[in-house]
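Okay, here's what each chain looks like letter by letter:
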Amino acid sequence: MDVGAFLRSKTRMRLWLLLPPVAFVLLAGGGAWYCVRADRDIRWKKEFLESAPELRVMLQNALSVSSNSYLTAWSTGQARENLNSLFNDVARQSGFTINSLGIEEGTGARKGLRATVKGDGTVDLVLRFIEAAEKPGNLVTLESATMTAMRPMANPPYQVEMTFLYAYNPK
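Participant: Tell me what's going on with the pattern of salt bridges, and back it up with residues and numbers.
Facilitator: Using the criterion set out here, one finds four salt bridges in the structure. Among the salt bridges present, the one from Arg43 reaches Asp39, with a minimum N-O distance of 3.0 Å. In this pair, Arg43 and Asp39 both sit in helix α2 (residues 10-65), four residues apart, roughly one turn of the helix. Among the residues examined, Arg43 registers a relative accessible area of 51% and is labelled exposed. Of the charged contacts in the structure, one is a salt bridge between Arg128 and Asp124, with a shortest N-O distance of 3.3 Å.

Structure, rendered in structure tokens:
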């Protein structure tokens with residue numbers, strides 16, 4: 001290699017002297033940037049995996065909320081069973097007594113299932129039953145209710161007939 005070529009041309013001499021440090025800075029800077037990015041990704045993945053059990057619990061809670069909905073009822077029979085068990089559970093929890101429960105398919109503009117619940121209870125038990133049945137996750141709404149006092153007294157027991165709509169469309 002001829003050293004005179006570098007001594008005669010100042011441009012070649014400067015490139016010969018500056019090229020190795022510039023290449024080193026570029027490689028070191030790129031490597032440092034890659035390491036910082038990889039470290040950030042690893043930390044994010046670690047945090048995600050640490051929160052996975054909490055996410056699993058949240059998913060199970062969401063699935064349990066939708067267990068009485070049309071999302072998990074693949075047939076009309078299954079939707080009827082869901083509605084029947086919902087009303088029985090709600091009645092047990094609220095203290096309302098169900099005497100009869102009829103479930104039929106809605107017709108016309110109101111598709112879905114229509115449940116007619118006949119039972120006995122005081123006003124507060126009836127209101128607790130309606131409130132528990134109409135929770136948003138149940139997809140049940142009260143359409144009509146008729147209350148008849150069984151005997152005249154303060155806070156008498158009532159015979160109640162309620163019609164609920166269940167937002168399940170079997171078609």
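Participant: Describe the packing of helix α3 (residues 76-94) against helix α4 (residues 123-133), and please don't skip the residues or the numbers.
Facilitator: For the pair α3 and α4, the least separation of the axes is 9 Å and the interaxial angle reads 140°. When the axis of α3 is compared with that of α4, the two are oblique. The two elements α3 and α4 meet at a crossing, and its hand is right-handed. Residues Phe87, Val90, Ala91 and Ser94 of α3 touch α4, and the partners they reach there are Leu125, Arg128, Phe129, Ala132 and Ala133. When grouped by side-chain class, the residues that make up the contact of α3 with α4 number seven nonpolar, one polar and one charged.

Participant: Before we move on, can you summarise a nonpolar patch on the surface with the specific residues and values?
Facilitator: A cluster of nonpolar residues, Leu7, Met13, Trp16, Leu17, Leu18, Val22 and Leu26, forms a patch on the protein surface that exposes about 760 Å² of accessible area. The dominant element in the nonpolar patch, judged by the number of residues it contributes, is α2, at six residues. Relative to the helices and strands, Leu7 resides in helix α1 (residues 4-8). Judged by relative accessible area, Leu7 falls into the exposed class, the value being 63%.

Participant: Kindly report on the sheet that holds strand β4 (residues 158-166), identifying the contributing residues and their values.
Facilitator: Strand order in the open sheet formed by four strands is β1-β2-β4-β3, with antiparallel pairing between adjacent strands. Since the sheet does not close on itself, it has two edges, and those belong to β1 (97-105) and β3 (140-149), each with one partner. On average, each strand axis in the sheet is inclined to that of its neighbour by 15°, with strand direction left out of account. Taken together, the eight bridges between β1 and strand β2 (residues 113-121) define a ladder with antiparallel strand orientation. For Thr97, the partnering residue across the bridge sits in β2 and is Asp120. On the sheet, α3 packs against β1, β2, β3 and β4 and is oriented at approximately 160° with respect to β1. On the sheet, α4 packs against β1, β2, β3 and β4 and is oriented at approximately 10° with respect to β4.

Participant: Explain the pairing of β2 to me, and be specific about the residues and the numbers.
Facilitator: Here β2 runs beside β4; their pairing, made up of nine bridges, is antiparallel. From the neighbouring strand, Thr116 faces β4, where its bridge partner is Thr163.

Participant: An account of the packing of aromatic side chains is needed here, citing residue identities and associated values.
Facilitator: Two aromatic rings are characterised by how far apart their centres lie and by the angle between their planes. Enumeration over the complete set of coordinates arrives at five aromatic pairs. Here the aromatic rings of Trp44 and Phe48 are separated by 5.7 Å at their centres, their planes lie at 10°, and the arrangement is stacked. Taken together, the residues span about one helical turn, with Trp44 and Phe48 both in helix α2 at a distance of four residues. Under the relative-accessibility criterion, Trp44 is labelled exposed at 55%. On the basis of relative accessibility, which here comes to 40%, the residue Phe48 falls in the partly exposed class. Where Phe87 meets Phe164, the ring centres are 5.0 Å apart and the plane angle is 45°; that geometry is what we call tilted. With Phe87 in helix α3 and Phe164 in strand β4, the pair connects residues that are 77 residues apart, well separated along the chain.

Cut-offs and rules
- Residues numbered from 1 in each chain as written.
- Predicted model: local features only at pLDDT ≥ 70, side-chain atom pairs only at ≥ 80, totals over all residues.
- Heavy atoms only, no water.
- Salt bridge = Lys/Arg side-chain N within 4 Å of Asp/Glu carboxyl O.
- Helix = DSSP H or I, 4+ residues; strand = E, 2+ residues; numbered from the N terminus.
- Buried < 20%, exposed > 50% of the residue type's maximum accessible area, 1.4 Å probe, protein only.
- Axes fitted to C-alpha atoms, helices over the stretch in contact; angles between N-to-C directions.
- Parallel < 35°, antiparallel > 145°, perpendicular 65-115°, else oblique.
- Left-handed = near helix turned anticlockwise from the far one by under 90°.
- Contact = heavy atoms within 4.5 Å.
- Nonpolar A, V, L, I, M, F, W, Y, C, P; charged D, E, K, R; others polar.
- Patch = residues over 30% accessible without salt bridge, like charges linked within 9 Å, V, L, I, M, F, W, Y side chains within 5 Å.
- Areas by Shrake-Rupley, 256 points an atom, 1.4 Å probe, with all protein chains shown as cover.
- Pairing = 2+ DSSP bridges.
- Phe/Tyr/Trp six-rings, centres within 6.5 Å; stacked < 30°, edge-to-face > 60°.

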